Amino acid sequence: MIRFNDGRDWFLEKRYGMFIHWGIYSVGGRSEWEMQKYNVPKEEYDKYIPQFKAENFDPAQWVDYAIKSGMEYMAFTAKHHDGFCMWDTKYTDYNVMNTPFGKDPLRMLADECHKRNFPLVIYYSCMDWTHEAYPNDGTCSSVMTDPAKHDMPKYMEYVKNQIRELCTQYGEIYGIWWDNNNTGYSDPSVNAMIRKLQPKAVINDRGFSGDGDYRTPERSGKRDNAAFVMPTEACDSISREAWCCHKDGDFNSSRYCMNAITSFIARGANYLLNIAPEADGRLQKEYTDVLDKVTPWFKKVREALYASYRPWVLFRDTFLCTGDKNTLYIFLLEPPTATAFPLIPLDTAPVSAVLLNNGQELTVEFRGTAPHKNPVVILRHYPADEFYNEIPVIKLTFKEDIGEVIAKVSAHDYLW
């Protein structure tokens, strides 16, 4: 993995983050894209403003829950596509200070994160459906606004003022998470300003220039055997359709989340998993119900997720491997259907094989398996009926360094 060799290297060590989408769209609980998706006029959408009371918002509870869930940083939506600002900005009245809540939640959250030494990344939408200068033309992901008022340079001054505000008024921040530059407008000076004001801040690849620090695949369950060479952070939401509070939504299973976490973190990427608060500030139960099933599994297999990725060790593409020193971890992305299975072409017998999910030690045999002629490791007494709702992970411990074990496999001409 390419390193930054400066303060941004925190991002390569802390690999599992919590994404939080919260705004006046949480009142409706339909979608953070409500204005565009349901063609809601601004004057109708703005009726959510007097309903946003956030009476149960407690940033300590959010940070507590993130830490309890094994997460190591947080990204918060300061301004989503609707243009409504969730901080006390002086550059527009379209902000949270003019709701019944009347407080600055970003300030409260940043203070809590600083107190815990918990990195905070700030999300900021390039696109803005309610700023008159932004060129919303009704195509793609935008709404339609008055073309006579469109003025991208003017809008960029607004962006720079707000980003400067975010980078100077909230203490140390660890990243700016741009989203949806649907105009393709380029202005490298914005990222340059962020780097000057916040040296530890990582900047993603969705902003106003092509010099982002990392890539951002979204809702991508696609997996292959390639390791991530460039810094990458995949993101997904527990809700199948929305990123905000979703009152009548469908939600991904805990196993779906485990599979995605494995597919990205084990191959060297970061993973940013979204949950959402309701308008009152409490995390929506449908989100936490799923994450609460993921967390015990994550903590049991974390050592395997954070070990070095080891591609092409085993022939089955449903087995994903990591390992360091004398340990090889095997993620069974599709759980075996039998109580015994071979690890082809692994031809060095481990000292032990332990199922991290429950601590059970598996029986290791070393012999040939029909129709193959070469002896390989075979694991027996695997509890085949017990782990269909999670990703099983097996820890193999060897006498030899894992590099030697893999080199020995690679050196043979196997006839499978």
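In this report, the structure presented in the accompanying data block is examined.

A count of helical and extended segments in the chain gives 11 helices and 15 strands. Relative to a compact globule of 416 residues, whose C-alpha radius of gyration would be 22 Å, the chain shows 24 Å and is just as compact. Viewed in the frame of its principal axes, the chain has a C-alpha envelope of about 75 × 40 × 40 Å. The burial tally for the chain puts 57% of its 416 residues in the buried class. Of the contacts made within the chain by residues no fewer than 6 positions apart, 70% connect residues no fewer than 24 positions apart. Side-chain charges in the chain split into 47 positive and 57 negative, and the spacing between the mean points of these groups amounts to 3 Å.

One pass over the full model with this rule turns up 28 salt bridges. Note that Arg3 and Asp9 form a salt bridge whose closest N and O atoms lie 3.7 Å from each other. In this structure, Arg206 engages Asp179 in a salt bridge whose closest nitrogen and oxygen atoms are separated by 2.9 Å. Of this pair, Arg206 sits in the loop between strand 5 (202-203) and strand 6 (233-237) while Asp179 sits in strand 4 (residues 175-179), and the two are 27 residues apart along the sequence. Like Arg206, the residue Asp179 is buried in the burial classification. Among the ionic contacts, a cluster of salt bridges with common partners joins Asp6, Arg8, Arg195, Asp211 and Asp213.

Here we take up the sheet that holds strand 13 (residues 363-367). With respect to topology, 3 strands assemble into an open sheet ordered 10-14-13, the strand pairing being antiparallel. Two strands close off the open sheet at either side, each with one partner strand: strand 10 (341-343) and strand 13. Sheet twist, expressed as the average angle between the axes of neighbouring strands with direction ignored, equals 35°.

Now for the layout of surface pockets. To locate leftover empty space, one rolls a probe as large as a water molecule over the atoms. Space inside the largest pocket adds up to approximately 300 Å³. If you trace the largest pocket, you find 16 residues lining it, with Met1, Leu12, Arg15, Gly268 and Tyr306 closest to the centre. Residues of the lining of the largest pocket, tallied by class, amount to 9 nonpolar, 2 polar and 5 charged. In this structure, the second largest pocket spans a volume of roughly 210 Å³.

Where helix 9 (residues 254-265) meets helix 10 (residues 285-305), the axes come as close as 9 Å, and the angle between the chain directions of the two elements is 30°. Our classification of the angle between helix 9 and helix 10 gives roughly parallel. Note that helix 9 runs across helix 10; the crossing there is right-handed. Two secondary-structure elements touch here, helix 9 through Ser254, Cys257, Met258, Ile261, Thr262 and Ile265 and helix 10 through Val290, Lys293, Val294, Trp297, Phe298 and Leu305. Looking at the contact of helix 9 with helix 10 residue by residue, the class counts come to 9 nonpolar, 2 polar and 1 charged.

In this description, an aromatic ring pair is defined by two values, namely the gap between the centres and the angle between the planes. If you walk through the whole model with that rule in mind, you get 29 aromatic pairs. Ring centres 6.0 Å apart and planes at 55° place the aromatic pair Phe19 and Tyr123 in the tilted group. With a gap of 104 residues between them, Phe19 in strand 1 (residues 16-20) and Tyr123 in strand 3 (residues 120-125) connect regions that are remote in the sequence. The pair Phe19 / Tyr123 is uniform in exposure class, with both members buried. Each ring, one from Trp22 and one from Phe57, has its centre 5.0 Å from the other, and the planes form 35°; the classification is tilted.

Take unusual backbone geometry next. Leaving glycine out, the prevailing phi sign among residues is negative, and the prevailing peptide bond configuration is trans. The step from Ile344 to Pro345 runs through a cis peptide bond, and the omega angle for that step is 5°. Relative to the helices and strands, Pro345 is located in the loop between strand 10 and strand 11 (352-355). The backbone phi angle of Asn117 is positive, close to 55°, even though this residue is not glycine. With respect to the helices and strands, Asn117 occurs in the loop between helix 6 (105-116) and strand 3. Classification of Asn117 as exposed rests on a relative accessible area of 58%.

Of all hydrophobic cores here, the largest spans 99 residues; its most connected members are Tyr16, Met74, Trp178, Leu291, Trp297 and Leu305. The element contributing the most residues to this core is helix 10, with 9 residues. Of all hydrophobic cores here, the second largest spans 25 residues; its members include Cys321, Ile330, Phe398 and Val409.

Here the focus is the side chain of Asp9. Along the chain, the position of Asp9 falls in the segment before helix 1 (10-13). Among the residues examined, Asp9 registers a relative accessible area of 13% and is labelled buried. Setting aside residues up to four positions removed in sequence, Asp9 forms contacts with Arg3 and Phe4.

Rules used throughout
- Each chain carries its own residue numbering, running from 1 in the direction its sequence is written.
- Side-chain atom pairs in this predicted model are given and counted only at pLDDT of 80 or more, local residue features only at pLDDT of at least 70, and totals for whole chains, interfaces and linings cover all residues.
- Water and hydrogen atoms play no part in the side-chain values, which are based on all heavy atoms of the structure.
- Under the scheme used here, helices are H or I runs from DSSP no shorter than 4 residues and strands are E runs no shorter than 2 residues, and both carry numbers assigned from the N terminus.
- The atom set for the radius of gyration is the C-alpha atoms, and the globule formula is 2.2 Å times the number of residues raised to the power 0.38.
- Each residue gets one of three labels from its accessible area relative to the maximum for its type: buried under 20%, exposed over 50%, partly exposed in between, using a 1.4 Å probe on protein chains only.
- The criterion used for residue contact is that any of the two residues' heavy atoms lie within 4.5 Å.
- Charge counting treats Lys and Arg as positive and Asp and Glu as negative, with His and both chain ends excluded.
- Working definition for charges: the position is that of NZ of Lys, CZ of Arg, CG of Asp or CD of Glu.
- By convention in these notes, a salt bridge is any Lys or Arg side-chain nitrogen within 4 Å of a carboxyl oxygen on Asp or Glu.
- In this scheme, strands are said to pair when DSSP sees at least two bridges between them.
- Here, axes are lines fitted to C-alpha atoms. For helices the fit covers the stretch in contact, and angles between N-to-C directions go from 0 to 180 degrees.
- The method works on a 1 Å grid over the protein atoms by themselves. A cavity is a set of points holding a 1.4 Å probe that cannot get out, a pocket is an open set with protein on both sides within 12 Å along at least five of seven lines, and residues with an atom within 4 Å of a point line them.
- Grid points are joined across faces, edges and corners, and a volume is the space filled by probe spheres set on the points.
- Gly counts as polar in this scheme, as do all residues outside two lists: the nonpolar Ala, Val, Leu, Ile, Met, Phe, Trp, Tyr, Cys and Pro, and the charged Asp, Glu, Lys and Arg.
- An angle below 35 degrees is read as roughly parallel, one above 145 as roughly antiparallel, one from 65 to 115 as roughly perpendicular, and any other as oblique.
- For any helix crossing, the convention is left-handed if the near helix is rotated counterclockwise from the far helix by under a right angle, and right-handed if that rotation is clockwise.
- Pairing of aromatic rings covers Phe, Tyr and the six-membered ring of Trp, with a centre-to-centre limit of 6.5 Å; geometry is then stacked below 30 degrees between planes, edge-to-face above 60, and tilted otherwise.
- In this description, a nonpolar core means a group of buried Ala, Val, Leu, Ile, Met, Phe, Trp, Tyr and Cys residues linked to one another through side-chain atoms lying within 4.5 Å.

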